[in-house]
Amino acid sequence: MKRFLCICCIAASLTVHVVAQSTVSQNQDGFDSEYMDGNLFASNLKDSTVVEREVSKEYTQWLIDPDLGLPVYLDPDTLAHHFQNVHLAEGLDRQYSVLGVIGSPRINRIWFDREKTNDFIFDFPYSYNVKNPVDYRFSDAKTPHVSIDYYKSGNKESGEDRIKGYFAANFGKRVGIGFDLDYTLGKGRYTHQSASGFTARVYTYYHGDVYKMHVSYNMAEIKQCENGGVTDDRFITAIEQVQDMGRRNILPEDIPVRMTGNWNNLKRQQGILNQTVEIKGNFNRVDSVLDTVIVSTEKRTVSTIAHTMQIGELDRRHIVHSDPVDYYLNTAFLNGTDREKYSNFYVNNTLSIMLNEGFSKWAFASLGAYIRYEYRNFRQPYKNDSVDYRVRTNENDVEIGAILERQGGKNLNFKAQALSHVIGADLGDYELKGNLSYAFKLGKREVRVYADAHTSAYCAPYFMETFHSRNYWWDADFKKVFSNGVHGGIGIGKTGTELSVGFENLNNYVYLADIGVMDQNGNYLTDYIARQSSSAIQVFSAQLKQNFAFGVFHWDNTVTYQVSSNKEVLPLPMLDVYSNLYFKFAYFKRLKFEIGADVSYFTKYYGQGYAPGIGMFVNQNASNRVEVGNYPMINVYANCEVEHVRFYFMCYHLNYNLMEGMRNAFYVPHYPINPRYFQLGLSWTFYD
């Protein structure tokens, strides 16, 4: 907390310094505060020789491609539409299943949108907080600017808070600096459910005519208090059956939970160094003006050589202050409670070369190749002759790849990539993937057709193959996982229609399963293990996005249909729906409003449970599983934008306890959705 306050003070001082510079420059330009209004409009008394200074609000943002080391430019995130959902752990389209409190573990219900699991699997449920170095944006701002977001909900005892922002500034046209901050704190409506996350990042870059460099460092710390879920789902589904005599209502904080004094703590430190050198050549340019032919010479970038180094230290600690009663099947794999620490240190270097698109009329696409060396070190508890210590595993890996890409086409664009692991622990892993898009006009309507496909083989993540803890222990030797899939769709701009379908075939799919048992007293004792499916699994998905607009009336819809051929191994809801009904209008063209309600819904299925001792989502045991879903979750909101300020007010979970016969308010088994409460959010960008 002290570190967070210090960084906030630095950010505030930088903001004041920038504003002070702006004030000084205005006075130097001849503005007299006695005659100056809020729009910096000078009176007729101002010296006519003074030139008014306009503040530029233009800036560009980009990511660093991890393979080729080149910038990937993005649109700035300044849209007001959907801003009311930007702080929700459920995601913009509410497609994530979460434990409840902000920043808590979550999993995407849409298979084709689900994040991939890396070797350090414990990061997977924290996609709300966690970012890797290549996920952070760099900004090129013509004038310094600061953006601050603030989110608040509930009260002091059980509410949620979030403050985030970034600062970007340039020193001339070549050098830029900036930092990002994000702090979340959720105390939780249910006991022992609090979560907090703090991430910070600083960066700088240099853009020369030939040589460019990017440097970035980010850190994160996540703390999750684990309560194991409620002891009895009837506190949510049928409150009248478990109410205390003489009490009319049972508050959420009064509902008993399965464990206390248990924590998961994640710490991350990562950095990236990216360098590029551009090789340029002289090319003749022929122009004709009337009957005169003009030949000029210009320099163009023919090729780019890049080096990218990433380094990181990822740690997870499971802390147990008190063991839950009748919860674990095994309790003595390790002697102590302070040894459950898991680490992954890595460093990789990627060298790439790219023949750039468009340097001549024959270069219709860019062609690149890269080679990457990665060193990985894993540490986890181990037991030998009743002495506990941490075992270390070292891995080395060499990967080569090639990319053919076209981005500047008027109608057709595509990207094809091939990679293979030729030396090391992942020897034999490969991936072939590609995508293309074609845009054309059908009458007055813009139509875009797109498709992508892949085939791959890869090893199971390290901590899926081997995991040691006080309560769970396995060492496996899994076969390679094979995946083949295609996905494609069509979008019609004027009608607001987008239809996509996808199919994927998985062989040797690896997953976590609950293999617990019921004891003689009727208590279910949990036990988890990683397993590999012996049969192939097919997943089919079809998604329709349809947006309607009639004047100020708008209705946006996303409907996803998906089927898994093996629901025991890969459970998915058959239908997932998000619908947003709102009125959109403006006053004086500056104050813009969106007022409406949105709802998320998915059909019943045996959704994945959550294992606090591992910090991961797991398949439920067939003998003790429950269904989640068939419950609409409704929010009502007012979303506003004026100049560079966005803000909203929202009533979250409006229908809490209002729908008789439909009270199965769970995203994740035994973890209730938060009750009704009010939220407000604000985003304010300051220029110069």
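Everything numeric here is computed off the predicted structure, so don't read it as measured data. (Residues numbered from 1 in each chain as written. Predicted model: local features only at pLDDT ≥ 70, side-chain atom pairs only at ≥ 80, totals over all residues. Heavy atoms only, no water.)

Can you walk me through the overall build of the protein in this structure?
Within the protein, the secondary structure is distributed over 3 helices and 37 strands. Across the 688 residues in the protein, those meeting the buried criterion constitute 49%. (Helix = DSSP H or I, 4+ residues; strand = E, 2+ residues; numbered from the N terminus. Buried < 20%, exposed > 50% of the residue type's maximum accessible area, 1.4 Å probe, protein only.)

Can you walk me through the side chain of Asp182 in this structure?
Mapped onto the elements, Asp182 comes out in strand S8 (residues 175–186). At a separation of 2.6 Å, a polar atom in the side chain of Asp182 contacts the side chain of Arg162. Look past the residues within four positions of Asp182 in its chain and what remains in contact with it is Arg162, Ile163, Lys164, Gly197, Phe198 and Thr199. (Polar contact = N/O pair within 3.5 Å; in protein donor to acceptor, adjacent residues only side chain to side chain. Contact = heavy atoms within 4.5 Å.)

Mind showing me how you'd approach the sheet that holds strand S1 (residues 59–64) here?
Strand pairing in a sheet takes place through backbone hydrogen bonds and is either antiparallel or parallel in direction. Taken together, 3 strands build an open sheet; the order of strands is S2-S1-S5 and the sheet is antiparallel. A strand with exactly one partner marks an edge of an open sheet, and here the two such strands are strand S2 (71–74) and strand S5 (138–141). If you compare each strand with its neighbour and ignore which way they point, the axes differ by 35° on average. Alignment of S1 against S5, held across 4 bridges, turns out to be antiparallel. For Thr60, the partnering residue across the bridge sits in S5 and is Asp140. (Pairing = 2+ DSSP bridges. Axes fitted to C-alpha atoms, helices over the stretch in contact; angles between N-to-C directions.)

Would you mind going over the environment of Gly229 with me for this structure?
Checked against the element boundaries, Gly229 lands in the loop between strand S10 (211–226) and helix H2 (234–237). Spatially, the C-alpha atoms of Gly229 and Leu99 are 8.6 Å apart, while their sequence positions differ by 130 residues. Leaving out residues up to four positions away in the same chain, Gly229 has contacts with Val257, Arg258, His670 and Tyr671.

Is there a simple way to explain the confidence of the model for the protein in this structure?
It should be kept in mind that the predicted coordinates are not to be read in detail where pLDDT is low. In the predicted model, the protein carries a mean pLDDT of 87, and 88% of its residues have values of at least 70. Low pLDDT (under 50) marks residues 1–5, which in the prediction has 7 contacts with non-local residues, meaning those over four places away or in another chain. Segment residues 7–50: pLDDT under 50, and 35 contacts once partners within four positions in sequence are set aside and those in other chains are kept. (pLDDT = per-residue confidence, 0-100.)

Is there a simple way to think about a nonpolar patch on the surface in this case?
A surface patch of nonpolar side chains, about 940 Å² in accessible area, is lined by Tyr206, Val210, Tyr211, Val277, Ile279, Ile305, Leu351, Ile353, Ile371, Ile400, Val422 and Ile423. Sorting the residues of the nonpolar patch by element identifies strand S11 (262–289), strand S13 (341–355) and strand S16 (412–424) as the ones contributing at least two each. Here Ile353 is to be found in strand S13. (Patch = residues over 30% accessible without salt bridge, like charges linked within 9 Å, V, L, I, M, F, W, Y side chains within 5 Å. Areas by Shrake-Rupley, 256 points an atom, 1.4 Å probe, with all protein chains shown as cover. Salt bridge = Lys/Arg side-chain N within 4 Å of Asp/Glu carboxyl O.)

Please clarify how the nonpolar core should be interpreted in this entry.
Note that soluble globular proteins tend to have their nonpolar side chains buried in a common cluster. Ranked by size, the top nonpolar core spans 71 residues in total, and within it Phe122, Phe463, Tyr472 and Ile614 carry the most contacts. Those residues in contact with Phe463 that sit more than four places away from it in its chain are Asp119, Phe120, Ile121, Phe122, Tyr342, Ser343, Phe378, Arg379, Gln380 and Trp474. Counting residues in each nonpolar core, the second largest holds 10 residues, with Tyr509, Tyr511, Leu570 and Leu572 among its members. (Core = buried A, V, L, I, M, F, W, Y, C linked by side-chain atoms within 4.5 Å.)

Please explain unusual backbone geometry as it appears in this structure.
Across the chain, the bulk of peptide bonds are trans and the bulk of non-glycine residues have phi less than zero. Positive phi values are uncommon outside glycine, yet His192 reaches one of about 55°. In this fold, His192 is placed in the loop between S8 and strand S9 (195–207). Look at His192 and you get partly exposed, because its relative accessible area is 36%. In this structure, Asn508 is a non-glycine residue whose phi angle is positive, near 65°. Tracing the sequence through the fold places Asn508 in the loop between strand S22 (497–507) and strand S23 (510–514).

I'm lost on the side chain of Ser303 in this one. Help?
Among the structural elements, Ser303 can be located in strand S12 (residues 292–320). Separated by 2.8 Å, the side chain of Ser303 and the backbone oxygen of Met354 make a polar contact. Residue contacts for Ser303: discarding those within four places in its chain leaves Val277, Glu278, Ile279, Ile353, Met354, Leu355 and Asn356.

How should a positive patch on the surface be read in this particular structure?
There is a patch of like positive charges on the surface, built from Lys223, Lys267, Arg317 and Lys341. The residue Lys267 is located in strand S11 in this model. (Lys, Arg positive; Asp, Glu negative; His and termini not counted. Charge placed at Lys NZ, Arg CZ, Asp CG, Glu CD.)

Explain the environment of Tyr151 to me, please; I cannot follow it from the model alone.
On the secondary structure map, Tyr151 appears in strand S6 (residues 145–153). Exposure remark for Tyr151: the relative accessible area of 1% places this residue in the buried category. Along the primary structure Tyr151 and Gln679 are separated by 528 residues, whereas in three dimensions their C-alpha atoms are 7.4 Å apart. Separated by 3.2 Å, the side chains of Tyr151 and Ser153 make a polar contact. Among the polar contacts listed, one links the side chain of Tyr151 to the side chain of Glu160, at a separation of 2.8 Å.

What's the story with the pairing of S23 in this structure? I'm lost.
The two faces of a sheet get side chains in turn, since along a regular strand they alternate between them. Counting buried positions along S23 yields 5 of 5 residues, so the element is predominantly enclosed. Here S23 shows a buried face lined by Val510, Leu512 and Asp514 and a second buried face lined by Tyr511 and Ala513.

Whenever I open this one, the packing of aromatic side chains confuses me. Can you help?
Each pair of aromatic rings is reported with the distance of its centres and the angle of its planes. Counted by the stated rule, this structure contains 40 aromatic pairs. Relative to Tyr648, the ring of Phe83 lies with its centre 5.5 Å away and its plane at 80°, an arrangement referred to as edge-to-face. Within this pair, whereas Phe83 is found in the loop between S2 and strand S3 (96–98), its partner Tyr648 is found in strand S34 (residues 645–652), the two being separated by 565 residues in sequence. By relative accessible area, Tyr648 is classed as buried at 0%. Their ring planes at 75° and their centres at 6.2 Å tell us that Phe647 and Phe649 sit as a pair that is edge-to-face. Judged by relative accessible area, Phe647 falls into the partly exposed class, the value being 23%. Judged by relative accessible area, Phe649 falls into the partly exposed class, the value being 47%. Chaining the aromatic ring pairs together yields one cluster made of Phe120, Phe122, Tyr342, Phe378, Tyr462, Phe463, Phe467 and Trp474. (Phe/Tyr/Trp six-rings, centres within 6.5 Å; stacked < 30°, edge-to-face > 60°.)

What is the right way to look at the pattern of salt bridges in this model?
Side-chain pairing between opposite charges can occur once the charged atoms of the two side chains come close. What the rule picks out here adds up to 22 salt bridges. Here Asp182 makes a salt bridge to Arg162, at a shortest N to O gap of 2.6 Å. Separated by 20 residues along the polypeptide, Asp182 in strand S8 and Arg162 in strand S7 (residues 160–171) bring together distant segments of the chain. With a relative accessible area of 12%, Asp182 lands in the buried category. A relative accessible area of 5% places Arg162 in the buried class. The closest approach of N and O atoms between Arg201 and Asp180, which form a salt bridge, is 3.0 Å.

Looking at this structure, how should I read the environment of Tyr509?
The topology assignment puts Tyr509 in the loop between S22 and S23. On the basis of relative accessibility, which here comes to 13%, the residue Tyr509 falls in the buried class. Separated by 26 residues in sequence, Tyr509 and Ser483 have C-alpha atoms that sit 8.8 Å apart. Contact partners of Tyr509, with chain neighbours within four places excluded, come to Trp111, Val481, Arg531, Gln532, Ser533, Ile537, Val569 and Leu570.

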